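Structural overview
For reference, the chains in residue letters:
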Amino acid sequence: MKTETYFQPYKAPNFTLASSAGGHVSLTDLQGHWAVVFLYPADNTPTCTQEACAFSEALPEFEKLGAKLYGLSKDSLKDHEKFITKYGLRMPLLSDPDTSAIAAFGSWGEKSLYGRVYMGTDRSTFIIDPQGMIRKEWRKVRIKGHIDEVLNTLKGLVSE
């Protein structure tokens, strides 16, 4: 049985990023709303595609809870547009080509694959409350069951 550990809320990092929906999205734009931001390594890769499609499919559930949903990667808006079109994604994707916001969320770091060390994005998800506080985070996310866990956690937080 999984036990829930206490999570100490903390201030979300300030950011302003270009959005695939047009314009920019910043932390101040999220004030007054619940938001879920999922950070992922790259568009059009198998696990990232699976995650983005699962979040997109669940978008109506997030909207019922009054939450805004965003994907965030270092990919360009042009790459995001291709990704959205190819898979019919319904939530905006934010572009962070210099990885400053990804790093501010603590999700940019050293990774290794087949003995090669490189810098990359750790798959992470954050629930941000209407006051701009991160109320829950998931690091090094595994996709199976993740979206349901995020939704159930959000339901609990919204009803507090």
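Now for a description of the structure that goes with this document. (Residues numbered from 1 in each chain as written. Predicted model: local features only at pLDDT ≥ 70, side-chain atom pairs only at ≥ 80, totals over all residues. Heavy atoms only, no water.)

1. Considerations on the overall build of the protein chain
Of the regular secondary structure elements, the protein chain holds six helices and 10 strands. Over its C-alpha atoms the protein chain spans a radius of gyration of 15 Å, differing by no more than 12% from the 15 Å that the globule rule assigns to 160 residues. The dimensions of the protein chain, computed from C-alpha atoms along their principal axes, are 45 × 35 × 30 Å. Considering the protein chain as a whole, with its 160 residues, one finds that 47% of them fall into the buried category. Of the contacts formed within the protein chain by residues at least 6 apart in sequence, a portion of 63% connects residues at least 24 apart. Total accessible area on the protein chain is roughly 8,500 Å²; 53% of this is exposed by carbon and sulfur atoms. Between the mean site of the 19 positive side-chain charges and the mean site of the 19 negative ones, the protein chain shows a separation of 4 Å. (Helix = DSSP H or I, 4+ residues; strand = E, 2+ residues; numbered from the N terminus. Rg over C-alpha atoms; globule rule 2.2 N^0.38 Å. Buried < 20%, exposed > 50% of the residue type's maximum accessible area, 1.4 Å probe, protein only. Contact = heavy atoms within 4.5 Å. Areas by Shrake-Rupley, 256 points an atom, 1.4 Å probe, with all protein chains shown as cover. Lys, Arg positive; Asp, Glu negative; His and termini not counted. Charge placed at Lys NZ, Arg CZ, Asp CG, Glu CD.)

2. Side note on the side chain of E51
Here E51 shows up in helix α2 (residues 46-57). Of the residues examined, E51 reaches a relative accessible area of 0% and is grouped as buried. With sequence-adjacent residues up to four places away left out, E51 is seen in contact with F38, L39, Y40, R123, T125, V141, I143, H146 and I147.

3. Considerations on the pattern of salt bridges
Considering all chains together, one arrives at six salt bridges under this definition. Ionic pairing is found between E51 and R123, a salt bridge with its closest N-O pair at 2.8 Å. Here E51 is found in helix α2, whereas its partner R123 is found in the loop between β8 (116-121) and β9 (124-128), with 72 residues between them in sequence. Judged by relative accessible area, R123 falls into the buried class, the value being 12%. Put simply, E160 and R135 hold a salt bridge, and the shortest N to O gap is 2.6 Å. Taken as a pair, E160 in the segment after α6 (146-158) and R135 in strand β10 (residues 133-138) lie far apart in primary sequence, 25 residues in all. (Salt bridge = Lys/Arg side-chain N within 4 Å of Asp/Glu carboxyl O.)

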